[in-house]
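Fold and contact review
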Amino acid sequence: MGETITFWVLAVVSVGAALGMVFNRKAVYSALMLGTVMLCLAVLYAVQDAPFLAAVQIIVYTGAIMMLFLFVLMLVGVDSSDSFVETLKGQRFWAIIAGLGFLALIVLAVGNAVFGSQTGLAQATAQGGYIRSIALLLFTKYVFAFEITSALLITAALGAMVLAHREKLTDKVTQKDLSRARFLGDHPSPLPGPGTYARSNAIDMPALLPDGSVAESSVNRYIARYDVEHGHLPEDPKLADAIKHRAEADEESTPNEVTK
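Because the structure is a prediction, the values reported are computed rather than measured. (Residues numbered from 1 in each chain as written. Predicted model: local features only at pLDDT ≥ 70, side-chain atom pairs only at ≥ 80, totals over all residues. Heavy atoms only, no water.)

1. Focus: the overall build of the protein
Selection rule: Helix and strand definitions follow DSSP, with helices as H or I runs of at least four residues and strands as E runs of at least two, each counted in order from the N terminus. Categorising residues by exposure relies on relative accessible area from a 1.4 Å probe, with only protein chains included: less than 20% of the type maximum marks a residue as buried, more than 50% marks it as exposed, and the intermediate range marks it as partly exposed. A contact between two residues is defined here by any heavy atoms of the two lying within 4.5 Å. Surface exposure here means Shrake-Rupley accessible area, sampled with a 1.4 Å probe, where a residue is shielded only by the protein chains that are shown.
Secondary structure assignment for the protein yields 10 helices and two strands. Secondary structure elements in the protein, listed N-terminal to C-terminal, are α-α-α-α-α-α-α-α-β-β-α-α. The buried share of the protein, reckoned over its 260 residues, is 15%. Relative to all contacts within the protein whose residues are 6 or more apart in sequence, the contacts with residues 24 or more apart total 45%. For the protein, the exposed area adds up to about 20,000 Å²; of that, 66% sits on carbon and sulfur atoms.

2. Observations regarding the environment of V56
Summarising the element assignment, V56 is placed in helix α3 (residues 51-76). For the pair V56 and A42, spaced 14 residues apart in sequence, the C-alpha to C-alpha distance is 8.2 Å.

3. Some thoughts on a negative patch on the surface
Our working definition: Note on patches: the residues involved have over 30% relative accessible area and no salt bridge, like charges join within 9 Å, and the nonpolar side chains Val, Leu, Ile, Met, Phe, Trp and Tyr join within 5 Å. Think of a salt bridge as a Lys or Arg side-chain nitrogen and an Asp or Glu carboxyl oxygen that are within 4 Å of each other. Neither His nor the chain termini are counted; the positive set is Lys and Arg, and the negative set is Asp and Glu. The location of each charge is read from NZ of Lys, CZ of Arg, CG of Asp or CD of Glu.
On the surface, E229, E248, E251 and E252 cluster together to form a negatively charged patch. Top contributing element to the negative patch by residue count: helix α10 (residues 237-259), with three residues. Residue placement: E248 occurs in helix α10.

4. Here we look at the environment of V143
With respect to the element layout, V143 can be found in helix α7 (residues 143-164). Using a relative accessible area of 30% as the deciding quantity, one classes V143 as partly exposed. Not counting chain neighbours up to four residues away, the residues in contact with V143 comprise L137 and L138.

5. Comments concerning helix α2 (residues 27-47)
Inclusion rule: Here a helix's expected span is defined as the number of its residues, less one, multiplied by 1.5 Å.
For α2, built from 21 residues, the straight-helix expectation of 30 Å at 1.5 Å per residue is met to within 8% by its first-to-last C-alpha distance of 31 Å. Among all positions of α2, only S30, A31, L34, G35, V37, M38, C40 and A42 are buried. Downstream of α2 by one or two residues, D49 has phi in the positive range, about 60°.

6. Considering the nonpolar core
Quick note on the threshold: Nonpolar cores were defined as sets of buried Ala, Val, Leu, Ile, Met, Phe, Trp, Tyr and Cys residues, with membership established by side-chain atoms within 4.5 Å.
Core analysis: the largest hydrophobic core is formed by five residues, namely A31, L34, M38, M66 and L70. Looking at this core, the elements with two or more residues in it are α2 and α3. It is α2 that provides the largest number of residues to this core, a total of three residues. Setting aside anything within four residues of it in sequence, one finds M66 in contact with A31, L32, L34, G35, M38 and Y61.

7. Concerning the confidence of the model for the protein
Quick reminder of the rule: The quantity known as pLDDT measures the predictor's confidence residue by residue, on a range of 0 to 100.
Summarising the model, the protein shows a mean pLDDT of 77, and 80% of its residues fall at 70 or more. The secondary-structure element of the protein with the lowest mean pLDDT is helix α5 (residues 121-124), recorded at 68, while helix α1 (residues 2-23) shows the highest, at 88.

8. Re the packing of α1 against α2
Axis angle and axis distance: for two packed helices, these are the angle between their axes and the distance between the axes, and together they describe the pair. What counts is decided by this rule: As a rule, the C-alpha atoms of each element are fitted with a line to give its axis, helices using only the stretch in contact, and angles between N-to-C directions run from 0 to 180 degrees. Any angle between 65 and 115 degrees counts as roughly perpendicular, while under 35 counts as roughly parallel, over 145 as roughly antiparallel, and the rest as oblique. Should the near helix be turned counterclockwise from the far one by less than a right angle, the crossing is left-handed, whereas a clockwise turn marks it as right-handed. Three categories are distinguished: nonpolar for Ala, Val, Leu, Ile, Met, Phe, Trp, Tyr, Cys and Pro, charged for Asp, Glu, Lys and Arg, and polar for the others, with Gly belonging to the last.
At a minimum axis separation of 8 Å, α1 and α2 run at an interaxial angle of 160°. Here α2 runs roughly antiparallel to α1, going by the angle between their axes. Every pair of crossing elements has a handedness; the one defined by α1 and α2 is left-handed. Taken together, the residues of α2 that come into contact with α1 (itself represented by E3, T6, F7, L10, V13, S14, A17, A18, G20 and M21) are S30, M33, L34, T36, V37, C40, V43, L44 and V47. Looking at the contact of α1 with α2 residue by residue, the class counts come to 13 nonpolar, five polar and one charged.

9. Overview of the side chain of Q57
On the secondary structure map, Q57 appears in helix α3. When its relative accessible area of 8% is taken as the criterion, Q57 is described as buried.

10. Quick word on unusual backbone geometry
Unusually for a residue other than glycine, D49 sits at a positive phi of about 60°. Mapped onto the elements of the fold, D49 is located in the loop between α2 and α3. In this structure D49 comes out as exposed when scored by relative accessible area, which is 58%.

So this is what it looks like as structure tokens:
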């Protein structure tokens, strides 16, 4: 009873994830949906008393193969727009032929599973256990399909690396070059501190906090007093009031410091 419930629950999840993988327009989401299908298959293998297949499904396919897919997607780019221009002649015709061939394979697989005779687990693993039986099938009957799949995965990875490769026309800019360009430019002053927004490269101009308010403490108190005394205040009333408040706070703290 538990095996039946597990099968139907995972069947719904895996079929839904497979449809999401096919119809999703985001490549990363499709890869995650494929990972969900592989995890469901691993659980089904474990329910069918095949722990080796379940472990291989998780380690090899869900781990290594899915990481390869994500690696390829990140190299090619997930934010690139789809191109509707056919660069190869006749690719739509051959795509239809490939789709019909894939549909025929699905029909044959379903027909073989529904109308074919059941072998049974005992008969399938009669040659020395399920690990030996899998190895015999993998390296004898299905060795060509196994090698072709490996070649396709390697070709996909190499193709992604070729597509993502960019030739460097100029040398990489070093920290020394950036510092030299900053001092030779119009703004040699250092960058503002974290959490503030500098409106100018002058050290007597208050910075702005993330909420838009003026950071009075960003102006040195001696410079603020000098600006007030000599009338070097900015035209913005908000900034001028901040400098005045900073100068007044300095005047209030100065007598205390002298007393001490």
